[in-house]
Amino acid sequence: MYNKRNTSGGAKFSGKGKSSSERGGSSKRDGGHRKGQSGGTREESTGKVSMTREGYAFIIREGIEDDVFVPASKLRGALHGDIVKVSIVAKKSLTKRYEGEVIEIVERTKRPFIGILQITGNQAWVICENKNMPHDIKIPIEGVEDIYNGLKVAAIVDQWPRSSDEPIGHIIEVLGKPGENNTEMHAILTEFGLPFRFDPKVEKEAEKISEKIDPEEIKRRRDFRGVTTFTIDPTDAKDFDDALSLKKLDNGNWEVGVHIADVTHYVRPGSLVEQEALERATSVYLVDRTVPMLPEKLSNKLCSLRPNEEKLCFSAVFELNEKAKIISRWFGRTIIESDYRFDYEGAQKTIETKEGPLKNEILKLHQLASSLRNERFSKGAISFERPEMKVEVDDAGKPIRVYQKESKDSNWLIEEFMLLANKEVAFFVGGKGKDSKTFVYRIHEEPNMDKVTILRTFVKHFGYDMSPTKNARELSSEINKLLTTVKGRPEESAIEIMALRSMARARYSTDNAGHYGLAFDYYTHFTSPIRRYPDMMVHRLLALYLDNAKSQDKGYFEERCKYSSEREQLATDAERASIKYKMVEFMQDKVGMIFDGNVSGITEWGMFVELADTKVEGLVALRDIKEDYLQFNEESMSLYAKRSGKRFILGDAVKVKVEKANLEQKQLDYSLIWEESGVTPDRPEKQRHSRRQEGRDEAKSLSRRKKS
């Protein structure tokens, strides 16, 4: 049974609240600053609370790089996800970050907290085990049924009165028995504010959409039913939202059609299905399931380009020569009938053996895609190819294998033509300069140069030098050289992570800033309207502009771009949480076992280690290392042992023992096998010299290959 935790040792609060019953300080302000005890002024700022299990928090401020540390005693009842106003009491220095205190809770988070409901007599609590929630939530006993005692629930905090040791809230969802797969996956979705079921009204409206295609509709479309067409998707895919067609033209060129399911033909503005799609904004991909943006009638039937079925599409059609240069392009609504459904493995087999169904079409498209890919990288596209780890589960959701997913030529074949369609659609609308109309772009801005400086300094500790660059394109070339040089070396993962951190995050916007990572001046998302709401917006805008409509309301679409970007991040966080949960579950029967690993992250409180075979990451806490005292060097991202002289840097090979697998917090604790881990001070210097020389040799070799 679950025991109620004693929270009386928690933070004490002071200062007047927003009301007589709700905690959260407020203060009189003068010109955006507040007087301190010494008579000076303090800077005030607003941000979101990122809380820790220990009770202290960091205030994340939008558009500002540095967060603000707030000790537990100065949070004044603020919780993870709350929007607060903070007064900065200590400025940042070389050895210290900004420190502040909460002076007002501007808005309580609407995101729920997950925990176990415990009913004792006439009292009830939600016992939270989340790493961002150090407090339990008191639930008014009225309306709480005894049959839910011991079940996992989702609760929202309503208030935290001065008279209460715990925040008070209400239950919004009973998720089920702890530990059961459905319960835990639903808990992850609920925690991130993502739905796991459709309202019956939405599904009922979707079911009413006719599957018959009106002959008059066909007459309005370009007919591709007689052109060889096929799909390539993962083996377990249920929705096929894109297809390729290929036809040899009389002039010797090739007509390549990129056909995308015409979702907006069926999902009309103002409908319940449309409202639900906007609310969700994206499909969510957990370890064992897909939570679709659209009901199954649309995603798996009407808008799925299944073989031997007539389907309505929105298409980008290109005339390409043998070198994949675009001779002409056409955009519009079409009707297709797919001839064949490939999975990636089947298409790859055809590429490798040059035998199989539609082999001529597959091999020609592979040749054209290779030309497109080579051109893209020659113009400065960055080649991040970090291994993607997958968790295989059985029918009950139990993890049985962790493996690395490989991207091969068949993946790139599809990718290059999707990139081509996205790029050309964006240029068609946005490439008219001042006369360009409102559009939805997928942008990836140039790197922050301060972060690039950190990357340059970081790689020097491994013996690599990045040459000076005059512009962003030269920088991308330099990063590609670096990634090529470190490939296959112990530090590869660490340097790739730091390079990725120097990049901006891709997002949706009506202001075009190009896509730095892909080396495109114009880019959008046109190719997946089944699973992304921004693609639906792109389809609607493109259809309007093809009919010569005037430019649409920019503010309207910008608001939806921002919302879609936020929902995309939530979906990504939920996906990562589900993977982390299943990896911890996979390691539960391996507690006490010893594994080889590599240092994947270093902080002032510990080092993260990835196991060599599975990349399952856990934490070695510095407080648990008894053999020596380790000091953290932020510049080199390293740890130095004072007595033994051992050093730990990112990428180092270590041995660890699995100590604990905490499913509730999705956390693995490792201990370091001290005798078989770490390096002496002189060894890194030798390594750096050898790596530097190897790097120079690699760069010379690369230069010679390019010249030849």
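From a predicted model like this one, the values you see are computed outputs, not experimental measurements. (Residues numbered from 1 in each chain as written. Predicted model: local features only at pLDDT ≥ 70, side-chain atom pairs only at ≥ 80, totals over all residues. Heavy atoms only, no water.)

**Points about the state of the cysteines**
Thinking step 1. In this structure the tally under the stated criterion is zero disulfides.
Thinking step 2. Counting only cysteine sulfurs, Cys313 is the nearest neighbor of Cys303, a cysteine outside any disulfide, at a range of 9.2 Å.
Thinking step 3. You can call Cys303 buried: its relative accessible area is 1%.
Thinking step 4. Residue Cys313 is classed as buried on the basis of its relative accessible area, which comes to 0%. (Disulfide = S-S within 2.5 Å. Buried < 20%, exposed > 50% of the residue type's maximum accessible area, 1.4 Å probe, protein only.)

**Notes on the nonpolar core**
The tendency in soluble globular proteins is for nonpolar side chains to be buried as a group.
Thinking step 1. Ile232, Leu244, Leu298, Phe417 and Phe526 are the most contacted members of the largest nonpolar core, which has 75 residues in total.
Thinking step 2. Considering each element in turn, this core owes the most residues, nine residues, to helix 9 (residues 409-430).
Thinking step 3. Not counting chain neighbours up to four residues away, the residues in contact with Leu298 comprise Ile209, Tyr266, Val267, Val273, Cys303 and Ser304.
Thinking step 4. Grouped together as the second largest cluster of nonpolar side chains are 71 residues, Phe192, Leu483, Val599 and Leu672 included. (Core = buried A, V, L, I, M, F, W, Y, C linked by side-chain atoms within 4.5 Å. Helix = DSSP H or I, 4+ residues; strand = E, 2+ residues; numbered from the N terminus. Contact = heavy atoms within 4.5 Å.)

**Considerations on the sheet that holds strand 29 (residues 638-641)**
Thinking step 1. Taking strand neighbours across the sheet as the criterion, the three strands line up as 28-29-30 in an open arrangement whose pairing is antiparallel. Where the open sheet ends on each side, the last strands, each with one partner, are strand 28 (630-633) and strand 30 (647-649). Strand-to-strand twist of the sheet, defined as the mean angle between neighbouring strand axes without regard to direction, takes the value 20 degrees.
Thinking step 2. Where strand 28 and strand 29 come together, four bridges link them in antiparallel fashion. Among the inter-strand pairings, Asn633 is bridged to a residue of strand 29, identified as Ser638. (Pairing = 2+ DSSP bridges. Axes fitted to C-alpha atoms, helices over the stretch in contact; angles between N-to-C directions.)

**With respect to the packing of helix 9 against helix 13 (residues 533-546)**
Thinking step 1. Two numbers describe how helix 9 lies on helix 13: the axes approach to 11 Å, and their chain directions differ by 45 degrees. By the angle between their directions, the pair helix 9 and helix 13 is classed as oblique. Helix 13 is crossed by helix 9, and the crossing has left-handed handedness. Residues Val425, Phe428 and Val429 of helix 9 touch helix 13, and the partners they reach there are Val538, Leu542, Tyr545 and Leu546.
Thinking step 2. When the residues that make up the contact of helix 9 with helix 13 are grouped by side-chain class, the tally is seven nonpolar, no polar and no charged. (Parallel < 35°, antiparallel > 145°, perpendicular 65-115°, else oblique. Left-handed = near helix turned anticlockwise from the far one by under 90°. Nonpolar A, V, L, I, M, F, W, Y, C, P; charged D, E, K, R; others polar.)

**As for the confidence of the model for the protein**
Thinking step 1. Averaged over the protein, the pLDDT score is 87; the fraction of residues at 70 or greater is 89%.
Thinking step 2. Here residues 682-708 scores under 50 on pLDDT; set against residues more than four positions off or in separate chains, the count is 22 contacts. (pLDDT = per-residue confidence, 0-100.)

**Notes on the side chain of Ser410**
Thinking step 1. Mapped onto the elements, Ser410 comes out in helix 9.
Thinking step 2. Residue contacts for Ser410: discarding those within four places in its chain leaves Tyr344, Ala347, Gln348 and Ile351.

**Overview of the side chain of Arg108**
Thinking step 1. Structurally, the position occupied by Arg108 is in the loop between strand 6 (98-107) and strand 7 (113-120).
Thinking step 2. Residue Arg108 is classed as buried on the basis of its relative accessible area, which comes to 12%.
Thinking step 3. Side-chain polar atoms of Arg108 contact the backbone oxygen of Gly77, separated by 2.9 Å.
Thinking step 4. For Arg108, the side chain forms a polar contact with the side chain of Asp82, separated by 2.6 Å. (Polar contact = N/O pair within 3.5 Å; in protein donor to acceptor, adjacent residues only side chain to side chain.)

**A short note on the packing of helix 5 (residues 272-280) against helix 14 (residues 554-587)**
Thinking step 1. The contact between helix 5 and helix 14 brings their axes to 8 Å, and the two run at 65 degrees. Contacts between helix 5 and helix 14 involve Leu278, Glu279 and Arg280 from the first element and Arg560, Tyr563 and Arg567 from the second.
Thinking step 2. Split by residue class, the contact of helix 5 with helix 14 holds two nonpolar, no polar and four charged.

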